[in-house]
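# Survey of secondary and tertiary structure
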Amino acid sequence: MANDTMAIQRAWTWAIPAREEDWDALYAEQLPRIYNFFRFRVGDGPVAEDLTSVTFEKAWSARHRYRRDLAAFNTWLFTIARNVAVDHYRQQRRHVSLEQAAEVPAETTPEDLAELHSDLEHLARRLAVLPERERELLSLKYGAGLTNRAIARLTGLGESNVGTILHRTIAGLRAGWKQGA
Amino acid sequence: MEDRFLNELRRDPDPRFARELRARLRAQESKPPERTRRLGGALAGVLAATLVAAAFALPSVRASAQAMLDLFRVRKFAAVPFDEARAEKLHQLGSDNALMVFDRHETVLDPGAPQVVASVEAAAAAAGFQAGRPGYLPGGLTADTVRVQGAGEARLSVSEARLRALLDALDLRDVQVPAGLDGKVIEVRKPPVVIQQFRNTGRLRATVVQSKSPELAVPAGLDVERLAEIGLRVLGLDPAEAGRLARATDWRSTLLVPVPINASTFRQVTVHGEQGLLITTRGRDADGDRRREGSLVLWSEGDRVFAVLGNLADKDLLQMAESVR
């Protein structure tokens, strides 16, 4: 539905009750993006699913505060997802350092073990030693499939800066990948 | 390792996980919004943004002898374009409550959550006016639900300091705030609203919304044109354009509707012989980001205002609007 029917939301929201969103459509559209954002952040397995669930539950419970006139739904949702990721890492740091996390998979479930040698697991190990900013940009770009401009808007970085950081990070990953493969 | 390889690492979530999470979210969708949030956010908060950032003045500067108030009512709609960067800035300010330029707000009458009713007739009886319904339903649309929201009324007290803080936050240093604004009380009255929703078996959705004109009452003598100009500057218009538009607009009959220009287009249309406004959102905005496609038409007839919105072709939406009787 028009993101900017919403114009009315600014000028007339008080006069007209919030229109019901097509939540089925929003969910179908955004679930894979959020889920893959977290897969790139924490790897495959239940943690990515848990963080995806937390993000959607927070968004749905706060859905009446979403201002359609001011931001696209996915921008709003990814703002929540980023905060969920920050909270997750904050909790993780209490138990294990980032360096240790790079050495040892945090969650060793049967699914993780089965995928230990998968490309994503390989990538996850390399991502784990990247600085937080680079890791997040890669997750937003390749996990969530966002454009550089959308990432810039979410993170507050300049669009060209986003492109430069991603380019540099991928080059570094590529070099490490060849050595470690 | 290539860029493409990274893209190909994406996977769909497990269908069982997707189903179970959707079921949990559905349970939340059926819950009504929290009452306190409705009052604070949906009414007072949006009022703040509405009054300051959008259309400081609704129509009709008409002195009311009894109340010593100027009364404003919606008679027609006009679009004012604004860009995404300003929208995002306002969004940030909204999160910090900086758009709230009122230091006191009192909910006189809580409209409550919209209630589902059995029929348009029942909605009309509850709302107290003869509700129209569309005779033309394109794309296999059928009536889905009818809801009514009750009347609402709020009083807000303007804070000059907060307004100045908002202007500072937007770096609008040249804007002069009219003297004597502080503490002025604005009353907002929202009549009952009837909402009819339509859907087909696929993804088509449409909604018809109608009510009597909302009213805004401000203290007599308030410089409405000046306040409107400030509102337009807040929306991002340059000083010359804001001044020109503030002077050219007939505030007695016009509600300005801000339209983000990177994602939407708008044009004047005619519905039932009345001037209306059609806003259309494309599937992708100027940045290439996905937007939900759809259109909205607004118009006013007599003492009532109407909106028809949906993810229909403009032609169908207008025909649907035209068929509301």
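The notes below deal with the structure included here. Remember, predicted model here, so these are calculated numbers, not experimental data.

### A few points about the packing of helix H7 (residues 224–234) of chain B against helix H8 (residues 239–248) of chain B
The axes of two packed helices give the description: the angle between them and the distance between them. All names here are of chain B. Where H7 meets H8, the axes come as close as 8 Å, and the angle between the chain directions of the two elements is 140°. Comparing their axes, H8 and H7 come out oblique. As H7 runs across H8, the sense of the crossing is right-handed. Here Glu225, Ala228, Glu229, Leu232 and Arg233 of H7 come into contact with H8, specifically with Pro239, Ala242, Gly243, Leu245, Ala246 and Arg247. Here the contact of H7 with H8 is built from residues that sort into 6 nonpolar, 1 polar and 4 charged.

### Quick word on the environment of Gly152 of chain B
Looking at where Gly152 of chain B falls in the secondary structure, it is placed in strand E7 (residues 152–158). As for Gly152 of chain B and Gly112 of chain B, which are separated by 40 residues in sequence, their C-alpha atoms are 8.1 Å apart.

### Points about the nonpolar core
Ranked by size, the top nonpolar core spans 70 residues in total, and within it Val194, Val257, Leu277, Val297, Leu298, Val308 and Ala321 of chain B carry the most contacts. Contacts of Ala321 of chain B, omitting those with residues within four sequence positions, involve Val271, Val297 and Val308 of chain B. If you look at the next biggest cluster of nonpolar residues, it comprises 36 residues, including Ile34, Phe56, Leu77 and Leu166 of chain A.

### A short note on helix H5 (residues 120–127) of chain B
All names here are of chain B. Along H5, the residues classified as buried are Ala123, Ala124 and Ala127. Projection of H5 onto a plane perpendicular to its axis shows the buried side chains occupying an angular sector of 100°, all on one side. Next to the buried residues of H5 lie strand E5 (115–117), strand E6 (142–149) and strand E9 (193–199). Directly beyond the C-terminal end of H5, a positive phi value near 85° is found at Gly128.

Calculation rules
- Residues numbered from 1 in each chain as written.
- Chains lettered and ligands numbered in written order.
- Predicted model: local features only at pLDDT ≥ 70, side-chain atom pairs only at ≥ 80, totals over all residues.
- Axes fitted to C-alpha atoms, helices over the stretch in contact; angles between N-to-C directions.
- Helix = DSSP H or I, 4+ residues; strand = E, 2+ residues; numbered from the N terminus.
- Parallel < 35°, antiparallel > 145°, perpendicular 65-115°, else oblique.
- Left-handed = near helix turned anticlockwise from the far one by under 90°.
- Contact = placed C-beta atoms within 7 Å.
- Nonpolar A, V, L, I, M, F, W, Y, C, P; charged D, E, K, R; others polar.
- Core = buried A, V, L, I, M, F, W, Y, C linked by C-beta atoms within 7 Å.
- Buried ≥ 20, exposed ≤ 12 C-beta atoms within 10 Å, placed from the backbone.
- Arc of directions from axis to C-beta.

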